Amino acid sequence: MAMKAREKATGEIVEVKEWRGASDVVYSTLDMGIFYQSSELDFNIGPPQTEIKISGWVAAEPFGEPFIYHSKPKRIAGELMGYWRCDTSYPDGRHCYCLGEDIFPSMTWQDEPIPVEIIIKKGIMTEKQFERAVEIHNRIEDLELVKEALEDAASNRLSYACKGDNGGLVAHSDIIMGAIDELLDRHDAMIRQEIDDEIRRLKDEIRSL
């Protein structure tokens, strides 16, 4: 008979079945891919969690996107662009989550961080939809970090590199690449546009879940 349990090591909920031997009991996933000792599982998982609360501080980045930070962040002024620094992290190890421009639309880089609590209602989604929403959120956050790193187009240009003697990558010289500057710049602009398009598409998808 299948039953649900929580892996103590990861907190993940899994379906398992029981195997009784002459002197002990072990459990396995339904496909028998993983086996557990009873001490590795918690069967008192209680009712399913219907909502998740994220508490923290919201601050807007120089490029406009608001983020929620685990603790009150400090404004750091950079030579090209400033940023917020948070020295603590959420249980999953992330310091912050991107909220999207449509949330706190009037907030700017000049505003001070404000304390908030955001409630994600899991009960209105299926488990599969919820997992997809988390996946989309993480992808958007990764793309936003790439956008931030490439924000200064003058100092970040598309180019080619080759493997050096020590195994690392070595960029070809500007003299060599200069012959295809226009081509590289055109494709660089296309890549940046594709990043923006993917972020918009993902935001539309997460709203439709």
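As a starting point, this report considers the structure included with it. Remember, it's a predicted structure, so these values are computed and weren't measured experimentally. (Residues numbered from 1 in each chain as written. Predicted model: local features only at pLDDT ≥ 70, side-chain atom pairs only at ≥ 80, totals over all residues. Heavy atoms only, no water.)

**Re the sheet that holds strand β2 (residues 13–20)**
Threshold: One bridge is not enough; two strands pair if DSSP finds at least two bridges between them. Each helix corresponds to a stretch of at least 4 residues labelled H or I by DSSP, and each strand to a stretch of at least 2 residues labelled E; elements are numbered beginning at the N terminus.
The strand order across the open sheet built from five strands is β4-β3-β2-β1-β5, with neighbouring strands paired in antiparallel fashion. Taken across any chain shown, the strands that pair with only one partner, and hence form the sheet edges, are β4 (35–37) and β5 (41–42). When strand β1 (residues 2–7) meets β5, the two strands line up antiparallel, connected through two bridges. Bridge pairing in β5 links E7 to L41.

**Points about the pattern of salt bridges**
Just so we agree on the cut-off: Salt bridges are identified by distance alone: a Lys or Arg side-chain nitrogen within 4 Å of an Asp or Glu carboxyl oxygen. Working definition: with a 1.4 Å probe on protein chains only, accessible area under 20% of the residue-type maximum means buried, over 50% means exposed, and in between means partly exposed.
Within this structure, the stated rule accounts for eleven salt bridges. Notably, a salt bridge pairs R200 with D197, separated by 2.4 Å at the nearest N-O pair. Of the two residues, R200 and D197 both sit in helix α3 (residues 181–208), three residues apart, roughly one turn of that helix. With relative accessibility at 44%, the residue R200 sits in the partly exposed group. Classification of D197 by relative accessible area gives partly exposed; the value is 36%.

**Details of the packing of helix α1 (residues 127–149) against α3**
Rules: Lines fitted to C-alpha atoms define the axes, with helix axes restricted to the stretch in contact, and inter-axis angles between N-to-C directions lie between 0 and 180 degrees. By definition in this entry, angles of less than 35 degrees are roughly parallel, angles greater than 145 are roughly antiparallel, angles of 65 to 115 are roughly perpendicular, and the rest are oblique. Put simply, a crossing is left-handed when the front helix is turned counterclockwise from the back one by less than a right angle, and right-handed when it is turned clockwise. Contacts are assigned to residue pairs with any non-hydrogen atoms lying within 4.5 Å of each other. Here the term charged refers only to Asp, Glu, Lys and Arg, the term nonpolar to Ala, Val, Leu, Ile, Met, Phe, Trp, Tyr, Cys and Pro, and the term polar to all other amino acids, Gly among them.
Remark: α1 packs on α3, axes separated minimally by 10 Å, with the N-to-C direction vectors making an angle of 155°. Viewed along their axes, α1 and α3 adopt a mutual orientation that is roughly antiparallel. At the point where α1 passes α3, the crossing takes the left-handed sense. Residue-level contacts link R132, A133, I136, H137, R139, I140, L143, E144, V146 and K147 of α1 to I195, D196, E198, I199, L202, K203, E205 and I206 of α3. Counted by class, the contact of α1 with α3 contains nine nonpolar, one polar and eight charged residues.

**A word on the environment of I206**
As for its position among the elements, I206 is in helix α3. For I206, a relative accessible area of 29% gives the class partly exposed. Discounting chain neighbours no more than four positions away, the residues touching I206 are A133, I136 and H137.

**Here's the deal with a nonpolar patch on the surface**
Our working rule: Patch definition: residues above 30% relative accessible area lacking any salt bridge, with like charges linked at up to 9 Å and the nonpolar side chains Val, Leu, Ile, Met, Phe, Trp and Tyr linked at up to 5 Å. Per-residue accessibility takes into account occlusion by the displayed protein chains alone, with areas from the Shrake-Rupley method and a 1.4 Å probe.
Taken together, the side chains of W19, M32 and F35 make up a nonpolar region of the molecular surface, amounting to roughly 300 Å² of accessible area. Looking at where W19 falls in the secondary structure, it is placed in strand β2.

**Considering the pairing of strand β3 (residues 25–29)**
Judged by how many residues are buried, β3 sits mostly within the fold: four of five residues are covered. Judged from the five bridges that link them, β2 and β3 form a sheet pairing that is antiparallel. Bridging across to β3, W19 finds its partner in V26. In the sheet, β3 pairs with β4 via three bridges, with the strands oriented antiparallel. In the strand pairing of β4, Y27 is matched with Y36.

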